[in-house]
Amino acid sequence: MHYTDQERYAIDYQSLEYTPYSCEFDVDDALFTERESEEVKGVKCKAFVEANRTGSTVDVDVRITGTVVVACDRCLEDCEIEVEYESSLIVHIGEESGEYDGEQMWVAKGDNIVLDQYIYESIIIALPYQRHHA
Ligand SMILES: [Zn+2]
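Small disclaimer: the values here were computed from a predicted structure and weren't measured.

The rules behind these values
Per chain, the residues get numbers from 1 upward, laid out in the order the sequence is written. Two thresholds apply to this predicted model, a pLDDT of at least 70 for residue-level local features and 80 or more for giving and counting side-chain atom pairs, whereas whole-chain, interface and lining totals are computed over all residues. For the side-chain quantities, the full set of heavy atoms in the structure was used; hydrogens and water were omitted. Paired strands, in this sense, are two strands between which DSSP finds at least two bridges. The secondary structure listing takes helices from DSSP runs of H or I that are at least 4 residues long and strands from runs of E that are at least 2 residues long, numbered from the N terminus. Definition used in this section: a nonpolar core is a set of buried Ala, Val, Leu, Ile, Met, Phe, Trp, Tyr and Cys residues joined via side-chain atoms within 4.5 Å. The buried label goes to any residue with under 20% of its type's maximum accessible area, the exposed label to any with over 50%, and the partly exposed label to all in between, with areas taken from a 1.4 Å probe on protein chains only. When checking whether two residues touch, look at their non-hydrogen atoms; a contact exists if any pair is within 4.5 Å. Inter-axis angles, ranging from 0 to 180 degrees, are taken between N-to-C directions of lines fitted to C-alpha atoms, where helices are fitted over the stretch in contact. Take a side-chain nitrogen of Lys or Arg and a carboxyl oxygen of Asp or Glu: if they are within 4 Å of each other, that pair is a salt bridge. Nitrogen, oxygen and sulfur within 2.8 Å of a metal are treated as its donors, or within 3.2 Å for sodium, potassium and calcium (Na, K, Ca); water is not counted, so a site can appear incomplete.

Asker: Can you help me understand the pairing of strand β5 (residues 78-94) in this one?
Answerer: The two faces of a sheet get side chains in turn, since along a regular strand they alternate between them. With 15 bridges joining them, strand β4 (residues 57-71) and β5 adopt antiparallel strand pairing. If you follow Thr 65 over to β5, its bridge partner there is Glu 84. Hairpin geometry of β4 and β5 is characterised by an intervening segment of six residues between the two adjacent antiparallel strands and by a positive phi of about 70 degrees at Leu 76. Relative to strand β6 (residues 104-108), β5 runs parallel, the two being bridged by five bridges. The residue bridging His 92 from the neighbouring strand is Trp 106, located in β6.

This is the structure we're talking about:
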């Protein structure tokens, strides 16, 4: 069965009635190939998600850990580097879904909180400036 990113990286908002809520996602190449990323050639990461809901606001903490394959700065061959990154997203529950600015997201009541774009961006941000074989 094939899941879209929208389904794969979603938190059911209804399940956040009893917070804190935590879950983990396996992140693989699909997230990057669908976005036609040229920078990232492969990814094997886990995203650990913790969500705390207070009224109509949900604080989402995401910790990403794993490995990413990029081109080596020195020899241009594929090079596997470790990434580790923690960040937080504030989700506002309101009337409409869709708005997102990298730090805040607006989700309509009853809709899932979909984290595919946020996890994608977090892994890009997590990449070190210098990438080369040890
Ligand atoms: Zn190299």
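Having put the structure on the table, let's press on.
Asker: Just to check I follow, could you spell out the nonpolar core for this structure?
Answerer: For soluble globular proteins, nonpolar side chains are generally found buried alongside one another. In terms of nonpolar packing, the biggest core is built from 38 residues, with Val 68, Leu 115 and Ile 119 touching the most fellow members. Elements represented by at least two residues in this core include exactly β2 (21-27), α2 (30-33), β3 (42-54), β4, β5, β6 and α3 (116-126). Contacts of Leu 115, omitting those with residues within four sequence positions, involve Tyr 9, Ile 11, Phe 25, Val 49, Val 60, Leu 89 and Met 105.

Asker: How should I be thinking about the sheet that holds β4 in this particular structure?
Answerer: Two orientations exist for strands paired in a sheet by backbone hydrogen bonds: parallel and antiparallel. Taken in spatial order, the five strands of this open sheet run β2-β3-β4-β5-β6, and their pairing is mixed. Looking along the sheet, the strands with just one partner apiece sit at the ends: β2 and β6. Between one strand axis and the next, the sheet turns through 25 degrees on average, direction left out of account. Against the sheet, α3 touches β2, β3, β4 and β5, its axis set at about 135 degrees to β5.

Asker: Mind showing me how you'd approach the environment of Glu 95 here?
Answerer: Among the structural elements, Glu 95 can be located in the loop between β5 and β6. Once the C-alpha coordinates of Glu 95 and Asn 52 are considered, the two residues, 43 residues apart in sequence, prove to be 20 Å apart.

Asker: Explanation requested: the pattern of salt bridges in the structure shown.
Answerer: Enumeration according to the criterion identifies six salt bridges in this entry. A salt bridge links Arg 8 to Asp 28; its shortest N-O distance comes to 3.3 Å. Pair noted here: Arg 8 is in helix α1 (residues 5-8) and Asp 28 is in the loop between β2 and α2, with a separation of 20 residues, a long-range link. The shortest N-O distance in the salt bridge between Glu 39 and Arg 131 comes to 3.0 Å. In this pair, Glu 39 sits in the loop between α2 and β3 while Arg 131 sits in the segment after α3, placing the two residues 92 residues apart along the sequence. Look at Arg 131 and you get buried, because its relative accessible area is 16%. It is possible to trace a salt-bridge network through shared partners that takes in Glu 24, Asp 26 and Lys 46.

Asker: In this structure, what is going on with the coordination of the zinc ion? I would like to understand it.
Answerer: Six octahedral donors around a metal ideally subtend angles of 90 or 180 degrees, whereas four tetrahedral donors ideally subtend 109.5 degrees. Distances from the zinc ion to its protein donors, namely Cys 72 (SG), Cys 75 (SG) and His 133 (ND1), fall within the range 1.9 to 2.3 Å. Sequence spacing among the residues donating to the zinc ion works out to C-x2-C-x57-H. In this pair, Cys 75 is assigned in the loop between β4 and β5 and His 133 in the segment after α3, connecting sequence segments 58 residues apart. The partly exposed category is assigned to Cys 75, whose relative accessible area is 38%.

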